[in-house]
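Residues per chain, in single letters:
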Amino acid sequence: MIDLRSDTVTKPCPEMIKAMAAAVVGDDVFGEDPTVNELEAFAAQYFGKEAALFCVSGTQTNQIAINVHVKPGGEVICHEESHVYKYEGGGIARNSGASVRLLRGDRGRITAAEIEKYINPIHDVHFPISQLVSIEDTANRGGGAIYDFEEILKIKAVCQANNLPLHLDGARLMNALAVNGIDTHTYCAPFDSISICLSKGLGAPVGSLLLGSADFIMKARRVRKVFGGGMRQAGFIAAAGLFALKYNVDRLIHDHSHAKLLEIGLKKCAWVADIVPVETNIVIIQLTEMERRDQLILELAKNGIKVIAFGPGLIRMVTHLQITKEDIEMVCLKALSIN
Ligand SMILES: *Cc1c(COP(=O)(O)O)cnc(C)c1O
């Protein structure tokens, strides 16, 4: 099976497993796991932040960040299809008692001008108090779209002028950086907190990182415990995260060229109406016949290709480190054979 459902499906390579097996571990809730400590120190330096926190998932890092930044009754400003809102089980309301202001944006991205328009007047008691701006780069629902860094700087300026922290859901940040070529520290500087997935394009089996100031991470560590995320001998999975950050970043460009090849190949298929312009490793396909979606997914599966439904009339394919160029050629060939 060629599994293009998500970049989360990858399994550790033999070298990664070796690194995991060799990890020196301890009780991380006591702060005594040397490998977790090493990963957190490495990540802080890598992304140019004071501190890092190793967590179970991207949902957990996002939800912890929101919980630290926002008080009950406050409001988070984000895109209407952002992961923090759409795919985290209502966690903003459930975990933090906060409201959301959803912006329409463009391909999952929001602008400084739009944000500014929806910051609530603080002295009017009718409105929830705006307390956080959260953006996603790359934007999953936008087909892996990348932010223009100039826009991020404008968003930061609006946040600063209004005393609002800025959070980055950077589940696929490394995919964005592989394309925009911006220096990692420069890119990360405007954000008060950043969430990074180790278990997507980077290929670790589990794990995410939360980054921020030392004070922010101290508070986040407390919230992680409350959310049930205090892990014990977590060094075994932290070792996979370290391996991922050290060895699986440079290869992301291959996933991107594979996604571009898919875009070109699939456009020739009769059942494909359009494809969201590919910028990174996500390919969103708009079908000619909306109601044929589930049947098409079955037909592709019969041809050895796993894909995922992505809304009415939409299918998503994601390239990752276990997909070869030969796989892509096979997918294009098989896809063309479906009428
Ligand atoms: C995958 C993803 C996350 C985190 O998902 P988990 O499955 O909880 O790790 C967060 N944000 C975006 C944009 C994602 O694609």
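Reference entry: report on the structure contained in this document. (Residues numbered from 1 in each chain as written. Predicted model: local features only at pLDDT ≥ 70, side-chain atom pairs only at ≥ 80, totals over all residues. Heavy atoms only, no water.)

**A look at helix α8 (residues 173–180)**
Inference 1: Among all positions in α8, only L173, M174, N175, A176 and L177 are buried.
Inference 2: Residues of α8 that are buried in the fold lie against α2 (34–47), β6 (166–170), α9 (184–188), β7 (193–197) and α12 (252–266).
Inference 3: Just past α8, the residue G181 takes up positive phi, approximately 70°. (Buried < 20%, exposed > 50% of the residue type's maximum accessible area, 1.4 Å probe, protein only. Helix = DSSP H or I, 4+ residues; strand = E, 2+ residues; numbered from the N terminus. Contact = heavy atoms within 4.5 Å.)

**A word on unusual backbone geometry**
Inference 1: With an omega dihedral of 0°, the bond running from D137 to T138 counts as a cis peptide bond.
Inference 2: Relative to the assigned elements, T138 resides in the loop between β5 (129–136) and α7 (149–161).
Inference 3: One non-glycine residue with positive phi stands out, namely R107, at about 50°.
Inference 4: Using a relative accessible area of 21% as the deciding quantity, one classes R107 as partly exposed.
Inference 5: The backbone of N163 shows a phi angle near 60°, a positive value even though the residue is not glycine.
Inference 6: Secondary-structure assignment places N163 in the loop between α7 and β6.

**Notes on the side chain of H258**
Inference 1: Within the secondary structure, H258 sits in helix α12.
Inference 2: Residue classification places H258 among the buried residues on the basis of a relative accessible area of 9%.

**Some thoughts on the sheet that holds strand β9 (residues 272–275)**
Inference 1: In space, the four strands of this open sheet follow the order β9-β10-β13-β12, with antiparallel pairing throughout. The open sheet has two free edges, formed respectively by β9 and β12 (308–309), since each of these has just one partner strand.
Inference 2: Across two bridges, the pairing between β12 and strand β13 (residues 314–318) is antiparallel. Among the inter-strand pairings, A309 is bridged to a residue of β13, identified as I315.
Inference 3: In the packing of α12 onto the sheet, contacts are made with β9, β10 (282–287) and β13, and the angle to β10 comes to roughly 15°. (Pairing = 2+ DSSP bridges. Axes fitted to C-alpha atoms, helices over the stretch in contact; angles between N-to-C directions.)

Taken by themselves, the reported measurements are silent on function.
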